[in-house]
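# Descriptive structure summary
Here is what each chain is made of, one letter per residue.
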Amino acid sequence: AQSVSQHNHHVILSEAASLELGCNYSYGGTVNLFWYVQYPGQHLQLLLKYFSGDPLVKGIKGFEAEFIKSKFSFNLRKPSVQWSDTAEYFCAHTGRRALTFGSGTRLQVQP
Amino acid sequence: EAGVAQSPRYKIIEKRQSVAFWCNPISGHATLYWYQQILGQGPKLLIQFQNNGVVDDSQLPKDRFSAERLKGVDSTLKIQPAKLEDSAVYLCASSLSGGGPNEQFFGPGTRLTVL
């Protein structure tokens, strides 16, 4: 069975700090990896995704993620966070069907 | 382009009552999903439709939950009877086709509180 692990449940950063959120998945088949974000009061929306090609993928709002096959990881990064990045971030994986989500990381950016 | 629509946005019921949620996916999206998101957890798939057929309902508690997508467009999810542990946000999502790299678009969700 597929599973996704997010190690950081709650992260507090100051503006301009760098961000890295960990994500590990367990699935030996086709890899399709996603990061979704949920801003306060809004619905889930896609940040970025990886399914083939360059393992370093760039998404919206300056986010990027690196797929490392040997580590079964897909960590999310941003060099300099802003207060508006305060949100909950979910890593997810899908094989042939629906998404399997991690438990989420709540990011709080302090001005 | 209109997004995924859900109603109601909030619902409070007592245990053993029944409740129904409605979802209208993005036009042209063949695949529709219902997820349950319990506080502090990531969304968990309940059921996936491809057009009006069920692709995956392995995690749907079928003794109390049912869902349908009769015309291959909008969908309803029903709980009867509700239990306290059903308190959660119910998310509907749609995609052009199922699985793989296809992006799923999510609705705003229905927050259910069972007292």
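Residues numbered from 1 in each chain as written. Chains lettered and ligands numbered in written order. Predicted model: local features only at pLDDT ≥ 70, side-chain atom pairs only at ≥ 80, totals over all residues. Heavy atoms only, no water.

## With respect to the layout of surface pockets
By volume, the largest pocket is sized at about 630 Å³. Contributing to the lining of the largest pocket are 28 residues, with Gln38 and Gln42 of chain A together with Gln37, Val89 and Arg111 of chain B lying nearest its centre. Secondary structure elements with two or more residues in the lining of the largest pocket: strand E10 (87-93) and strand E12 (105-110) of chain A together with strand E9 (88-95) and strand E11 (110-114) of chain B. Partitioned by chemical class, the residues of the lining of the largest pocket number 13 nonpolar, 11 polar and 4 charged. (1 Å grid on protein atoms, 1.4 Å probe; cavity = no way out; pocket = protein on both sides within 12 Å on 5 of 7 lines; lining within 4 Å. Points joined across faces, edges and corners; volume = space filled by probe spheres on them. Helix = DSSP H or I, 4+ residues; strand = E, 2+ residues; numbered from the N terminus. Nonpolar A, V, L, I, M, F, W, Y, C, P; charged D, E, K, R; others polar.)

## Remarks on the nonpolar core
Side chains of a nonpolar character, in soluble globular proteins, are inclined to be buried together. Counting 27 residues, the largest nonpolar core has Trp35, Leu47, Leu48, Phe74, Leu76 and Tyr89 of chain A as the members making the most contacts within it. Sorting the residues of this core by element identifies strand E2 (10-14), strand E3 (19-21), strand E5 (33-38), strand E6 (45-50), strand E8 (64-68), strand E9 (73-78), E10 and E12 of chain A as the ones contributing at least two each. Dropping the residues within four chain positions of it, phenylalanine 74 of chain A is found in contact with Cys23, Leu33, Phe34, Trp35, Leu48, Lys49, Tyr50, Val57, Ala65, Glu66 and Phe67 of chain A. Among the nonpolar cores identified, the runner-up in size contains 21 residues, and Val4, Ile47, Leu60 and Phe65 of chain B belong to it. (Core = buried A, V, L, I, M, F, W, Y, C linked by side-chain atoms within 4.5 Å. Buried < 20%, exposed > 50% of the residue type's maximum accessible area, 1.4 Å probe, protein only. Contact = heavy atoms within 4.5 Å.)

## Looking at the interface of chain B and chain A
Counting residues at the interface gives 22 residues for chain B and 19 residues for chain A. Summing the contributions of chain B and of chain A, the shared interface buries around 1,500 Å²; its carbon and sulfur component is 58%. Scanning the region where chain B abuts chain A turns up 0 salt bridges. Counting every contact that joins chain B to chain A gives 3 residue pairs in polar contact (both at pLDDT 80 or more). Within the residue set of the side of chain B that touches chain A, elements represented by two or more residues are strand E4 (31-37), strand E5 (44-50) and strand E6 (53-56) of chain B. By residue number, the principal contributor to the side of chain B that touches chain A is E4 of chain B, which donates 3 residues. Looking at the side of chain B that touches chain A, its residues break down into 9 nonpolar, 11 polar and 2 charged. (Buried area = accessible area lost by both parts, 1.4 Å probe. Salt bridge = Lys/Arg side-chain N within 4 Å of Asp/Glu carboxyl O. Polar contact = N/O pair within 3.5 Å; in protein donor to acceptor, adjacent residues only side chain to side chain.)

## Thoughts on the state of the cysteines
All chains considered together, the criterion is met by 2 disulfides over all chains. What pairs with cysteine 23 of chain A in a disulfide is cysteine 91 of chain A, and their sulfur atoms sit 1.9 Å apart. For the disulfide bridge between cysteine 23 of chain A and cysteine 91 of chain A, the dihedral angle about the S-S bond is near -65°, and by the sign convention the bridge is left-handed. Highlighted residues: cysteine 23 of chain A in the loop between E3 and strand E4 (24-26) and cysteine 91 of chain A in strand E10, separated in sequence by 68 residues. Judged by relative accessible area, which is 0%, cysteine 91 of chain A ranks as buried. In this model, cysteine 23 of chain B is linked to cysteine 92 of chain B through a disulfide, with the two sulfur atoms separated by 1.9 Å. Taking the torsion about the sulfur-sulfur bond, which here is approximately -70°, the covalent link between cysteine 23 of chain B and cysteine 92 of chain B counts as left-handed. (Disulfide = S-S within 2.5 Å.)

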